[in-house]
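# Understanding the architecture of this molecule
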Amino acid sequence: MLKRNGLSRFNIASLALGLAFLYLPILILVIYSFNASRLVRVWGGWSLRWYYEFFNDGAMIEAFWMSLRVAATSASIATVLGTLAAVALSRGENFRGRTLFSGMLYAPLVMPEVITGLSLLLLFVALNAERGFGTVVIAHTTLTMCFVAVVVQSRLTSLDRSLEEAAMDLGCDPARAFIMVTLPLILPAIVAGWMLAFTLSLDDLVIASFTTGPGSETLPIRIYSEVRLGVKPEINAICTLVVAGIAVVIIIASLASKLSSRQGESAAPL
């Protein structure tokens, strides 16, 4: 029997099964990263052995830093370009070619990654460009820019434009009004877009495999090349560190969001 003012047993069971399906494999991965045995399926006691193995693996460390560099660079470029594209789409409702521009901007959202990666590979080959760090950054910027544009445009659409118009009535030119009024209001969306772009770049395997070159191997490509021969406990340790890093980022973002909301509530009466 369903409850009107609470969760039913069916809803609770469905929620529990959904959470278990999502997070139980991650929990098992974290636990087995502390396994002392070399065999993944055999528990040999608690140990930090595989974390030491990871920090002593020069190739894996290099791939990890390469992924961070690519993700940070491509996310920053995609955030700038995606924000500008979102402003153009939200403020230029009637400019010629808007439909074509929005369609081309949002195409990577529905385009299979293998097609995007192959097309970028053909482009770099036609331009005789040396594949490496730069080509991976360009590819990831192309992939993530549309996600930033969607996040920022949704915030701009719900924004009260009378605030910016009031600033211009008080003597600000449009550029100064945007920087002083609109930009602080959409800053949480810009930060969220950057974090989303960073995560997508850090996670990408397909597009990076098409556009990477010698000396620019990312962490997903390195892990994939390792697991084809069998999952080593070291891979569990690497994934646990990534999960821990993502958890720290989520906590920091949550605290920053609460702080900004409290500041907005305290400033509201003014």
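For the structure itself, consult the block above.
Here we summarise the structure given alongside this text. All values derive from a computational prediction rather than experimental measurement.

### Some points on the environment of Gly 45
Among the secondary structure elements, Gly 45 is positioned in the loop between helix H1 (9-32) and helix H2 (49-55). Considered as a pair, Gly 45 and Ile 77 are 32 residues apart in the sequence and their alpha carbons are 45 Å apart. Residues within four places of Gly 45 in sequence aside, it is in contact with Phe 34, Asn 35 and Ala 36.

### Describing the nonpolar core
Counting residues in hydrophobic clusters, the biggest one holds 11 residues: Ala 71, Ala 75, Ala 86, Val 148, Val 152, Leu 156, Leu 159, Ile 186, Ile 190, Ala 197 and Phe 198. Mapped onto this core, the elements with two or more residues apiece are helix H3 (58-91), helix H6 (133-157) and helix H8 (174-203). What Val 148 contacts, discounting residues up to four positions off in sequence, is Ala 78, Thr 79, Gly 82, Thr 83, Gly 193 and Ala 197.

### Thoughts on H8
For H8, with 30 residues, the first-to-last C-alpha span of 38 Å runs short of the 44 Å given by 1.5 Å per residue. Taken as a whole, H8 carries its principal kink of about 55° at Leu 183; the proline Pro 184 stands between one and four residues after it. Inspection of H8 places Ala 177, Thr 182, Ile 186, Ala 189, Ile 190, Gly 193, Ala 197, Phe 198 and Ser 201 among the buried residues, and these make up the whole buried set. Buried-residue contacts for H8 involve H3, H6 and helix H7 (162-169).

### Here we look at the pattern of salt bridges
Enumeration over the complete set of coordinates arrives at 2 salt bridges. Measuring nitrogen to oxygen at the nearest pair gives 3.7 Å for the salt bridge that ties Glu 217 to Arg 222. Take Glu 217: its relative accessible area is 31%, and that puts it in the partly exposed class. Residue Glu 226 is joined to Arg 222 by a salt bridge in which the shortest nitrogen-to-oxygen separation is 3.3 Å. With Glu 226 and Arg 222 both in helix H10 (residues 219-227) and 4 residues apart, the pair spans about one turn of that helix. On the basis of relative accessibility, which here comes to 15%, the residue Glu 226 falls in the buried class. Through salt bridges that share partners, Glu 217, Arg 222 and Glu 226 make up one connected network.

### Focus: a nonpolar patch on the surface
The grouping of Leu 7, Ile 12, Leu 15, Leu 19, Phe 21, Leu 22, Tyr 23, Ile 26 and Val 243 at the surface amounts to a nonpolar patch, some 900 Å² of accessible area in total. The element best represented in the nonpolar patch is H1, accounting for 7 residues.

### Concerning the packing of aromatic side chains
Throughout the structure, instances matching the rule amount to 7 aromatic pairs. Grouping aromatic residues by their ring pairs yields a cluster made of Tyr 32, Phe 34, Trp 43, Trp 46 and Tyr 51. Looking at Arg 69, its charged tip hangs above the ring of Phe 133, at a distance of 4.6 Å from the centre.

### Let's talk about the packing of H3 against H6
The axes of two packed helices give the description: the angle between them and the distance between them. Remark: H3 packs on H6, axes separated minimally by 5 Å, with the N-to-C direction vectors making an angle of 40°. Compared by their axis directions, H3 and H6 come out oblique. In this structure, H3 meets H6 at a crossing whose hand is right-handed. When its residues are assigned to classes, the contact of H3 with H6 shows 16 nonpolar, 10 polar and 2 charged.

### Topic: the side chain of Asn 35
Within the element layout of this structure, Asn 35 appears in the loop between H1 and H2. Only 3.2 Å separates the side chain of Asn 35 from the backbone nitrogen of Ser 37, close enough to count as a polar contact. Filtering out sequence-adjacent residues up to four positions away, Asn 35 remains in contact with Val 40, Val 42, Trp 43, Gly 44, Gly 45, Ser 47 and Trp 50.

### Remarks on the packing of H7 against H8
Relative to each other, H7 and H8 sit at 145°, their axes nearing to 9 Å. Classified by chirality, the crossing of H8 by H7 is right-handed. For the pair H7 and H8, contact is made by Leu 163, Glu 164, Ala 167 and Met 168 and by Pro 174, Ala 177, Phe 178, Val 181, Thr 182 and Leu 185, respectively. Across the contact of H7 with H8, the residue classes tally to 8 nonpolar, 1 polar and 1 charged.

Analysis parameters
Residues numbered from 1 in each chain as written. Predicted model: local features only at pLDDT ≥ 70, side-chain atom pairs only at ≥ 80, totals over all residues. Heavy atoms only, no water. Helix = DSSP H or I, 4+ residues; strand = E, 2+ residues; numbered from the N terminus. Contact = heavy atoms within 4.5 Å. Core = buried A, V, L, I, M, F, W, Y, C linked by side-chain atoms within 4.5 Å. Buried < 20%, exposed > 50% of the residue type's maximum accessible area, 1.4 Å probe, protein only. Expected span 1.5 Å × (residues − 1). Bend = angle between axes of the 7 residues up to and from the residue. Salt bridge = Lys/Arg side-chain N within 4 Å of Asp/Glu carboxyl O. Patch = residues over 30% accessible without salt bridge, like charges linked within 9 Å, V, L, I, M, F, W, Y side chains within 5 Å. Areas by Shrake-Rupley, 256 points an atom, 1.4 Å probe, with all protein chains shown as cover. Phe/Tyr/Trp six-rings, centres within 6.5 Å; stacked < 30°, edge-to-face > 60°. Lys NZ or Arg CZ within 6 Å of the ring centre and 35° of its normal. Axes fitted to C-alpha atoms, helices over the stretch in contact; angles between N-to-C directions. Parallel < 35°, antiparallel > 145°, perpendicular 65-115°, else oblique. Left-handed = near helix turned anticlockwise from the far one by under 90°. Nonpolar A, V, L, I, M, F, W, Y, C, P; charged D, E, K, R; others polar. Polar contact = N/O pair within 3.5 Å; in protein donor to acceptor, adjacent residues only side chain to side chain.

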